[in-house]
Every structure is written in structure tokens, then in C-alpha cells.
Amino acid sequence: MAKRTLTDKRTIVTGASSGIGKELVSQLVQRGNQVLAIARRQDRLEQLQSDLENATGTLTYLAGDITDSEFRRSVLDWIRKNWAGCLDVLINNAGVGSIGPFADSSESTLRQIMEVNFFAAVQWIRDLLPALKKGRSPVVCNVGSVLGHTAMPSKSEYCASKFALHGFSDALRIELSADGIDVVLVSPSTTKSEFFASVLDGACQQNKGMSADRVAASAIKAIAKGKREVILSYGGNCLVLADRLLPTTLSKWLTRWYRRQPQTDMDA
Ligand SMILES: NC(=O)c1ccc[n+]([C@@H]2O[C@H](COP(=O)([O-])OP(=O)(O)OC[C@H]3O[C@@H](n4cnc5c(N)ncnc54)[C@H](OP(=O)(O)O)[C@@H]3O)[C@@H](O)[C@H]2O)c1
């Protein structure tokens, strides 16, 4: 894993229209990078571009669904035309969740979550590997979650997707080291964003947690320092440590806690 200067890097950020992704784009453009922002809501991306028009770097956006292979192909074409087929930084940040007991959920919810959080992220990497191989100090940053290390009730589908992304990132890091491509896994804990209002089931308001700009700043620092993994927040680190050192105790505690909770009141 290499240290790198995050300026003038050809960078893709998915999930750029709100929350952590929007902050990542802002900070990266202000640091002088060339950023291609991806999300479905074009009006949001347009606004972000106009907010950043005087920044040192550049922001271009392509609006589309990351799970759509045609859209991914159009992004590859764009990279070929505009960046001579080279990419330095890929940040897989787009994500969705769902809140509620597994027994009340559906196959379609699980499939949508896995499509966005896992299959699309993996497919973006697969499609962009040739461009990354031609990049300068190339790096893939996958935005996971503390819930990709420690499982929580009422978030079984989301946990499954983030555990999958975690395992995939760890294996890929070893494989890609031969090509000089780094893989960073950034695992935020509860973050103030639109995430809880846009979950597929069990939408709610969430006013607790880290700010999205702090999460973005920590992710950028991790990429620049060549970290393999960062778990954000003190509480997140304690939870992951407890899961590793005292799994039975934590599981018993979570079981008691879950039985006392109203279903929609739990943190991510
Ligand atoms: N908020 C938290 O507490 C928390 C905690 C741990 C980890 N995370 C992770 O952090 C990442 C960012 O989440 P956030 O908190 O910033 O949530 P957010 O504000 O809801 O942002 C999610 C972003 O993903 C994009 N997106 C979702 N589905 C997409 C699709 N099919 N195609 C293209 N873009 C799509 C959304 O854009 P459009 O709707 O415009 O497409 C939006 O820009 C996610 O991976 C999430 O799992 C969040």
C-alpha cells in the first residue's frame, strides 16, 4: 500500500449526489483533482457542479444507475475519450439499506441491496481494472460499514452486503498488489446523511452520528496515507473489537438489547 498525493488525480466517485459521496466530491475537487461524479439524480449533480465551478479541480458528472451495464459502458467510453483510458482513483461509495426484521422483508429488497452495495461495486472494479492499471498510483476505495464487520439485527440484508464487500476487498487487495493497485476499505459508523430516509424499507430520520464531511475527510486521508482499512468513530472501533474478542458476550448483549428496541429506532 503506497502513500500518494491526492491532487490532479483522475477520480470516479459513485453515489455523489448526497451525503458522504457529495462531500468526497467537494473535498477532492477543492484539492485540485479531476472528478467524475456518478449518481442517478442529475439535478443534484448539476447543482454540485455549479457550487464547485471556482474550485481548483474539475467536476464532470454522468447521471445513471450504477447497476446498469449500459450506463457503465458509457462511463468507460467517457474515460477513453477524456482521460485516454486511464483512471487513478475509483471510490465505490453508492449504497442503500433496509431496516426491519428479515422475516418481514422480501427477496426483492435483498436483491436490490446486494445489486447496489456489492454486485455493482464489484462490476465497476472489473470494468475499470484496465484503466486503473494505466493510472498513476492507482487505488480502489470501497465504502463499507462498521456493519460489514459486526452484524446487527434489523439490518440483516445490509450487513450481508457490507460483509461481502469487506471480504471481497481483503481478497482483492492481495491479488491487485502485483499490479500496484491498492484497495482501501473505509467503514463508517452512523453518519448524518439521506441514508436513513432513503432505505428501501423502514425509512426514518436519523440525526445522530458523524458528519458526512468528517467521514469524507477520513476516507481521503486513508487513501492518501495508503491505509488498507479504516474503521471510523470510537464507538465503531469498540464494537468491532468486542466482536473479535468477545463474540459470545456481544451477541448475548445485542439479543437483550434488540428485544427491548422498537424496530425502527436502531442505528446503522
Ligand atoms: N449513513 C450512514 O450511517 C452510513 C454508515 C455506514 C456506511 N454508510 C455507507 O456510506 C455510503 C454513502 O451513504 P450515505 O450515508 O452518504 O447515504 P446517502 O446520502 O443516501 O447517499 C447514497 C448515494 O448513493 C447513490 N445511489 C444509491 N443507489 C444508486 C444507484 N442504483 N445508482 C447510482 N447511485 C446510487 C445515491 O444517489 P441517487 O439516489 O441520486 O442515485 C446517493 O448519492 C453507502 O455505501 C452507505 O452504505 C453509510
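Since the structure is predicted, the reported quantities are computational estimates derived from the model, not experimental observations.

Student: I'm lost on the pairing of strand β2 (residues 34–39) in this one. Help?
Tutor: On any regular strand, side chains alternate: one points to one face of the sheet, the next to the other face. Burial analysis of β2 places five of its six residues in the buried class, which makes it a mostly covered element. As paired strands, strand β1 (residues 10–14) and β2 are joined by five bridges and run parallel to one another. Paired with T14 across the two strands is I38, which belongs to β2. Once you follow β1 into helix α1 (residues 19–30) and on to β2, the crossover reads as right-handed. Where β2 and strand β3 (residues 58–63) come together, six bridges link them in parallel fashion. Bridged to V35 within β3 is L59.

Student: Sorry if this is basic, but what is going on with helix α7 (residues 234–245) here?
Tutor: Along an α-helix, residues three or four positions apart point the same way, because every turn accommodates 3.6 residues. Here α7 spans 16 Å end to end across twelve residues, near enough to the 16 Å set by a 1.5 Å rise per residue. At the N-terminal boundary of α7, the capping side chain belongs to S233, with an oxygen 2.9 Å from the backbone nitrogen of G236.

Student: Any chance you could explain the site of the ligand here in plain terms?
Tutor: Around the ligand sit 32 residues in total, of which S17, R40, N93, Y158 and S193 are the nearest. Side-chain polar atom of R40 to an oxygen atom of the ligand: 2.7 Å apart, as the coordinates give it. Residue E194 places a main-chain N or O atom 3.2 Å away from an oxygen atom belonging to the ligand. In isolation the ligand exposes 880 Å². Once the protein is present, 97% of that is buried. When each cavity is represented as a set of grid points, the ligand is found to reside in the largest pocket. Within the residue set of the shell around the ligand, elements represented by two or more residues are α1 and α5 (156–176). Residues of the shell around the ligand, tallied by class, amount to 13 nonpolar, 14 polar and five charged.

Student: Got a minute to help me understand a nonpolar patch on the surface in this structure?
Tutor: A cluster of nonpolar residues, L241, L245 and L246, forms a patch on the protein surface that exposes about 320 Å² of accessible area. For L245, the location among the structural elements is in helix α7. You can call L245 exposed: its relative accessible area is 60%.

Student: Hey, could you run me through the packing of aromatic side chains in this one?
Tutor: The geometry of an aromatic ring pair is captured by two quantities: the separation of the ring centres and the angle between the planes. Evaluation of the coordinates by the stated rule reveals seven aromatic pairs. With 6.1 Å between their ring centres and 90 degrees between their planes, F118 and F168 make a pair best called edge-to-face. Separated by 50 residues along the polypeptide, F118 in helix α4 (residues 107–133) and F168 in helix α5 bring together distant segments of the chain. Take F118: its relative accessible area is 15%, and that puts it in the buried class. Taking the centre distance of 5.5 Å and the plane angle of 80 degrees together, the rings of F195 and F196 count as edge-to-face. Cluster of aromatic residues (ring-pair linked, three or more members): F118, F119 and F168.

Each value, and the rule that gives it
Residues numbered from 1 in each chain as written. Predicted model: local features only at pLDDT ≥ 70, side-chain atom pairs only at ≥ 80, totals over all residues. Heavy atoms only, no water. Buried < 20%, exposed > 50% of the residue type's maximum accessible area, 1.4 Å probe, protein only. Helix = DSSP H or I, 4+ residues; strand = E, 2+ residues; numbered from the N terminus. Pairing = 2+ DSSP bridges. Right-handed = clockwise from strand over helix to strand, strands pointing away. Expected span 1.5 Å × (residues − 1). Polar contact = N/O pair within 3.5 Å; in protein donor to acceptor, adjacent residues only side chain to side chain. Near = heavy atom within 4 Å. Areas by Shrake-Rupley, 256 points an atom, 1.4 Å probe, with all protein chains shown as cover. 1 Å grid on protein atoms, 1.4 Å probe; cavity = no way out; pocket = protein on both sides within 12 Å on 5 of 7 lines; lining within 4 Å. Sits in = over half its atoms within 2 Å of the grid points. Nonpolar A, V, L, I, M, F, W, Y, C, P; charged D, E, K, R; others polar. Patch = residues over 30% accessible without salt bridge, like charges linked within 9 Å, V, L, I, M, F, W, Y side chains within 5 Å. Salt bridge = Lys/Arg side-chain N within 4 Å of Asp/Glu carboxyl O. Phe/Tyr/Trp six-rings, centres within 6.5 Å; stacked < 30°, edge-to-face > 60°.

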